[in-house]
Every structure is written in C-alpha cells, then in structure tokens.
Amino acid sequence: MKRLFIMCAALLFAASNMISGNLLSLKDVAGKTFAAEYLSAVSPMSDGDCYAMISKDGKRIIKYSYKTGKQVSVLFDVNNTVGEKIDKLENYIMSPDGKKMLVQTNSKKIYRRSYTADYYIYNIADRKLEKLSDNGQQQSPVWSPDGMKVAFVRDNNIYLVKLLYGNSESQVTKDGKRNEVINGVPDWVYEEEFGFNSALTFNADGSMLCWIRFDEKDVPTYSLQMFKGLEPEMTEYSEYPGLYSYKYPKAGQENSTVSVLSYDIQSRQTRTMQLQMDKDGYIPRIKATSDPQKIIVYTMNRHQDQLCLYGANPRSTVCKLLIKESVPKYVKEEAMANILISSNHILMPSDRNGYMQLYLYNMNGQLLRKVTDGQYDVTDVYGYDEQTGATYYQAAGKNPMNREVYVTYKNGKTECLTSRDGWNIAVFSADYKYFVNQWSDRNTPYEYGIFNNSGKETVSLITNSELKKTLAEYDLPSKEFFSFKTSEGVQLNGVMIKPANFDASKKYPVIMWQYSGPGSQQVVNSWNIGSMGQGALLDQYLVQQGFILVCVDGRGTGARGADFEKCTYLKIGDLESKDQVETAIYLGSLPYVDKNNIGIWGWSFGGFNTLMSMSEGRKVFKAGVAVAPPTDWRFYDTVYTERYMRTPKENPSGYDVNPIKRAANLHGELLICQGLADDNVHPQNVFEYTEALVQADKDFKMNVYTNRNHSIYGSNTRNHIYRQIAQFFIKNLK
C-alpha cells in the first residue's frame, strides 16, 4: 500500500512537471481563441499622407496619418449614412481621387477568389450612400480613372454605371452565359492558377472599357454531387441529390478560347484586339497604363515557358509586342503576377539568370537596367518611385526562411529597411515616404508598425499583446530550425518542435507535416508557420500529446533559386517524396527519436506527397494522413499541371509517377479525408485511389465531408477533421 502511494505520488509529480501550462484543445485551435489581431483592408490614399482601413468592429472605414499613426477622420460609418442603410461592412474600394468608395456587403462566395456582393456608392463629403445597381448582385467592380463611372460583371456580362447621369446602368455585353461565355472575370482555371478575380479595366481617360472574354463552350464539364447536408442545409436536395456542374479543363484537355475586347463608351462600339498568340495560349492579365491609347495585355503559350507583354491600342486594335520573356521550363505564376506597370515604366521579375530578380523597362519595352543583382529571390514587388528611380520590394535576402523589405536606388545601392529577422510584409504610401509593416517570426504573433523609407519605425500600431498573454499560459515550446544533408548530398531546411518537458534520454514518436508543392514553403520564420498556420498551434497540440513535430522543405520548394525549385520538372512527386523519406531516415538516426513510430501528413499537394512518400519503397512511415490529395495529375487542371508536367500525351511516363500506380507499395496505416464538394481536387481522385488500394488488398480509413470544398471547413467541420487527424496518430504511433 505504501509502495502504491509512493508510485502514485511520483506519477502525480511527473504529470505536474509535464503539464506546467494549460493544455490546448482542438476546439480552441479550430476556433477564434487564438486569433491574432490584424490591420484590416489597409489602403494607401492618393494624397500620400494617409491610409484607410476598416475598424476593429467592422463598422467604419477610418483614415489614418502615416506620419503619426493617429486617426484623421472617419470616412464611412454604417450607422451614419444618408440615403441607403446597411448592417455590415465587408470591404471597400476607394475611387482613384479618394472622394468616393464602393462599399461591399452581403458577399456570396463562388470559388477561391471570386464572389458576388451588394456594392454601394458612397460619397465621403456628404455621406450619401446609394446602391450601385438595383438589378442583382455585382462581381468585381472597377472605377474609371476620374471616379465618375463604375463597371462590373453580373451573370457573365459587363455593365456600366455613370455617376453623372443619376447612376444610370447600361449593359455592355450580352453574350455572357453560364458554362459558355464569360466577360470581364476569369474562368475557374484562370482564377485558381493565375491568381486573379478581375479581367476588366478602363483605359487611362475612362473613355473605353477593355476586358478578357472567355469562350468555354468546348471545355469539358465536371459535376459535383450535392446533398442536403447540414450547416448550411440545402433543402432542395432533401430526397434526391443534385449536381453542381461547371467547366474544368483537366490536363491535356481543351481550355477556354480567350480574346481581348474594347468598348467605346461614347459610340458604343465593341472591337477585338489583334493579338498575335497561339490558339491554345493564355491571357492571364490585362492592365491599364497612363496612356489612353495603350493597355498592356499579357499572353503565355500553353507550355508557360514564354510570357509576352503587348501594348494594345483599344481604338485601332493594333497590338505591339513590348517584352518577350523566355525562361527554361516555366515562367513562375508569381513572376507574372508581380509585374508592375507604373506611369512610365514596366518592372518585371524574372529568374532568367537563376534567381528571381527585377528588370526595369520603359513603356516601349526597352530594357533600361537590371535593378537587383543578388544570389537570392525577390518575392514581392511594392513599387517604383518615378520621382527618384527607387524600387521597393520584398526578398529572401538573408536566407530562405526570412523575408525583408528592401529599396534599391537608381544608382544601384541597396538597403534593407527591416532589421529584425522574421517575416516582413509592407504596404507603402502613394509617395513611398512611409510603409505599414507587418512583422512576425515563428514564435511571435504579428506586430504592425509604421516605418519611414529609411527603415526607421516611427509608430507602433499593434503588438498582439493579449494573444501573447494567452499563449504564455500554455507554456508552448519554441520552434527550432535545423538543416541536414540527404544521402544524395542535398541540403534541406527544417523546423522541429519538441515537447516542453523534452528529455533527450527518451525516444519520441514523430509526426512530419509538409506541403512540398512547387515554389511553396512551410519552413518559414513567420507566425504563419505550421501545418495549418497560426503559429503551428495544431502541431503544438500534438506536441502536448507527446510527439515531436517536424517539417522539412524538400526539393521543388521556394526561395532557393530556380535550379532548386524547378528540378522536379516533368516528374512531380518523385524527388519530393524521396526527400520526405530521407527526412524520416535522418530523424530516425537521432538518439531521441523512435524510428519505428514516424508518421507523415499533408493537405492537397501535401496529401499527394504523403501518399507518394508512404509508397516510395523505403518503409519508414508507420502512419499517414492525406487530406484532399491529388492522386493522378491527369485528373487535375491544365494550367497548374501542364506548367510543371506538360500534357499527358507529351509526358506519359511523368504522369505515371503517381499514388495510384504506387498503390501496391503503400506501407503504413492510412487515413484519407475528402470534401465531397471539392471543386479544386475532385473526389474522383480519392475514389479512384481507394479502388486501387482495394484491388491491391491494402487497408485504409476514410472520412468524407458532405458538401465541403477543398478547405473542408464550416460549423464544426474543422474541429472534427483536426480530431480525426490527432486521434489517428495517437492510436497508431503511441
């Protein structure tokens, strides 16, 4: 009896040492308990002195001074308008002159970046609020340069509202029809893979509208089965399920036929631009310039290794080639998206020399100079100051895990404007004299401050002190960076989280998370670190259950130059899975790791690479979880897949490197999770993969989420999937 008492006391003492802080709950991790405070919808104002943003309560749009950080005025208040009234504010679009805004409310999501909403025209001076249209919700509205006209899309057609004529509304296009023709907004694959939601612009004097037209009649249709479900409940499917059908071009299939059109607002004449491009080519952007006779149209060939910028005259329809960018393998989507068109220059990112650097052209397409010249990747472009010739940008200048804000002057001198290691994101004033900076690192939530263009912080705005106090109650261990060399001699970067009571004399089970997709990064010195971001709180929950959590960015990931990123070309999944297996072997060599209890998981591409790694041939993983995984790239879309793989006809052997072909080699316990309304990675992927597992006589577990998309969220859904993942690893690795 005495011995039993002593043993119980010892166990209680050990438990008290083990749990020195509060324990995380999955409901809190999935909910808002640990939500960080953000600056919401920061918008630099045209005066250069101020910026606007949405208030914490989401009811007002407030104007702040860059110089002092203090409130200057309230631009909009839902409780203080003349005319129309709204209950909530979701976003806003300032007019170019800063005198009016479009106020967004009642948004209804379509896909990842697209939505319809009710927009209102708001005049700041007299507080007058008017509906943009009485005829149904609007999509992707744009201001004319003089702020006197607004164009928007409804039901695949373009409409024009003239403020000088009592907000009169006219219809610009009439051929728009669901699953056939789209005007002014991208189709599904353009939106998802070229990363934009508007394909509509005015020219510089507002006399013409220009847009991309998508003819998707010949694109194959994919249908998702929809059910009644709950939260929300769709009663129309109470007895029989229905279908959501949309155009989705799978690898090697037909894409939309695209063209650029212009509309003369005065004469109401529509013209088609005379673009020289391949019939199966892409038009991923259309941009206005400061010249009314010129818009910039981007084109890419289907292989995406050639990007052309044309100067198109919206009246004559003549298109002149300005810049032709050709690089080995493929032009990165981010390089295209980060092109900056200023009043007199074009600033173009390119990895033509091995690293993503910046090149300055004039508006006639003449290369003026290479702005940056470093052995690092530029990762974002903030602006080019026409007055001084200074270029402002973000780069991984110190190492791949960090991001700094830089300026390169006209004479070539470069300065770093952010001194702290971590992840910096800037929003510059219109005159580039100030910027609002968001900083965090892997162990510290977001902090916001105002800096001048010499890099001095002048005002602290947000420190997330309350979140830091809350987190301190949980005694969460720090995240430690490490690196190792694989058996192939490749140096890889990783991050590790050990339990708070870590004992080097013990052996711990390990859970590896990863994404591994082209150009992606998970090993980052940012609060966005973790399998689900948020400072790796889901991973910290698993650490509290007695696991070591690890993530390694393998070959193909970003911020290490073109050679490292593009080495996976034409054989996606081969090197990526080898590097995760090599990681497990390395971890198993550490004295405190139980090499017989290592698991791996991932979402989307991370789910694909989980399956690839578990069937790579070396039996290092005891368990794995694949959420919404692609299982054969023939089932995925043209733009993404062909960028890295070309077409199935051109590269059949590369496409055959996939989990379905490897099903017989699967080793370890497997859980698959899939949303049945996933418009991105279709349920077809897991249905075909699980059939291959059945025929290979492989056991697996599977959870389906009714009417949930690729993100698998809504009501209790995210809490549920987190619990399934956690319990699966606890059951199989401990």
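Please read all numbers here as calculations on a predicted model, not as lab measurements. (Residues numbered from 1 in each chain as written. Predicted model: local features only at pLDDT ≥ 70, side-chain atom pairs only at ≥ 80, totals over all residues. Heavy atoms only, no water.)

Section: the environment of D87
Along the chain, D87 turns up in the loop between β5 (82-83) and β6 (91-94). Relative accessible area serves as the criterion here: at 69%, D87 is assigned to the exposed category. Distance from D87 to F635, taken between C-alpha atoms, is 43 Å for residues 548 residues apart in sequence. (Helix = DSSP H or I, 4+ residues; strand = E, 2+ residues; numbered from the N terminus. Buried < 20%, exposed > 50% of the residue type's maximum accessible area, 1.4 Å probe, protein only.)

Focus: the nonpolar core
Formed by 77 residues in total, the largest nonpolar core has its most connected members in L209, V260, L307, L309, I346 and W633. Those residues in contact with W633, other than ones at most four positions away along the chain, are A251, I572, F605, F608, Y640, T641, M645 and Y655. The next biggest cluster of nonpolar side chains, apart from the first, holds 57 residues, and it includes I62, Y66, W513 and L549. (Core = buried A, V, L, I, M, F, W, Y, C linked by side-chain atoms within 4.5 Å. Contact = heavy atoms within 4.5 Å.)

So, the sheet that holds strand β11 (residues 149-154)
As summarised here, the arrangement of the four strands in space is β10-β11-β12-β13, forming an open sheet in which the pairing is antiparallel. At either margin of the open sheet sits one strand with a lone partner, and together these are β10 (139-143) and β13 (168-171). Across the sheet, the mean angle separating the axes of adjacent strands is 20° when strand polarity is ignored. The pairing of β10 with β11 spans three bridges and is antiparallel. The residue bridging Q139 from the neighbouring strand is V153, located in β11. (Pairing = 2+ DSSP bridges. Axes fitted to C-alpha atoms, helices over the stretch in contact; angles between N-to-C directions.)

Digging into the sheet that holds strand β42 (residues 623-627)
Within the open sheet, the eight strands sit side by side as β37-β38-β40-β39-β41-β42-β43-β44. Their pairing is mixed. The sheet terminates laterally at β37 (479-485) and β44 (701-705), the two strands that pair on one side only. Geometrically, the sheet is characterised by an average inter-axis angle of 20° between neighbouring strands, direction not taken into account. The sheet strands contacting helix α9 (residues 605-614) are β41 (593-603), β42 and β43 (669-675), and the helix crosses β41 at an angle near 145°. Of the strands in this sheet, β39 (508-513), β41, β42, β43 and β44 touch helix α13 (residues 717-733), which is tilted by about 160° from β42.

Description of the packing of aromatic side chains
Across all of its chains, the model carries 40 aromatic pairs by this definition. Seen in terms of ring centroids, Y190 and F194 are 5.2 Å apart; in terms of plane orientation they differ by 65°. Their pairing is edge-to-face. Here F194 and Y190 lie together in helix α3 (residues 188-194), a separation of four residues that amounts to about one turn. Of the residues examined, Y190 reaches a relative accessible area of 0% and is grouped as buried. Here the aromatic residues Y330, Y515, Y569, F605, F608, W633, Y636, Y640 and Y644 are joined through ring pairs into a cluster of three or more. Note that R352 overlies the ring of Y359, its terminal NZ or CZ placed 4.0 Å from the centroid. (Phe/Tyr/Trp six-rings, centres within 6.5 Å; stacked < 30°, edge-to-face > 60°. Lys NZ or Arg CZ within 6 Å of the ring centre and 35° of its normal.)

Quick notes on the pattern of salt bridges
Close approach of charged atoms allows side chains with opposite charge to pair. Using the criterion set out here, one finds 30 salt bridges in the structure. K468 is paired through a salt bridge with E447; the nearest N and O atoms lie 2.6 Å apart. Of this pair, K468 sits in helix α5 (residues 465-472) while E447 sits in strand β35 (residues 444-452), and the two are 21 residues apart along the sequence. For K468, a relative accessible area of 28% translates into the label partly exposed. As a salt-bridge pair, E466 and K469 come within 3.7 Å of each other at their nearest N and O atoms. One end of the pair is E466 and the other is K469, both in helix α5 and three residues apart, which spans about a single turn. Taking the relative accessible area as the measure of exposure, K469 reaches 52% and is therefore exposed. Overlapping salt bridges bring together R420, E447 and K468 as one network. (Salt bridge = Lys/Arg side-chain N within 4 Å of Asp/Glu carboxyl O.)

Some thoughts on unusual backbone geometry
In this structure, P232 follows E231 across a cis peptide bond, with omega equal to 5°. Mapping P232 onto the fold places it in the loop between β17 (221-226) and β18 (242-247). Phi is positive for D697, which is not a glycine, with a value near 60°. Along the chain, the position of D697 falls in the loop between α12 (684-695) and β44. The class for D697 is exposed, based on a relative accessible area of 68%. Although it is not a glycine, N707 adopts a positive phi angle of roughly 60°. Topologically, N707 is positioned in the loop between β44 and α13. Accessibility expressed as a relative area gives 17% for N707, which makes it buried.

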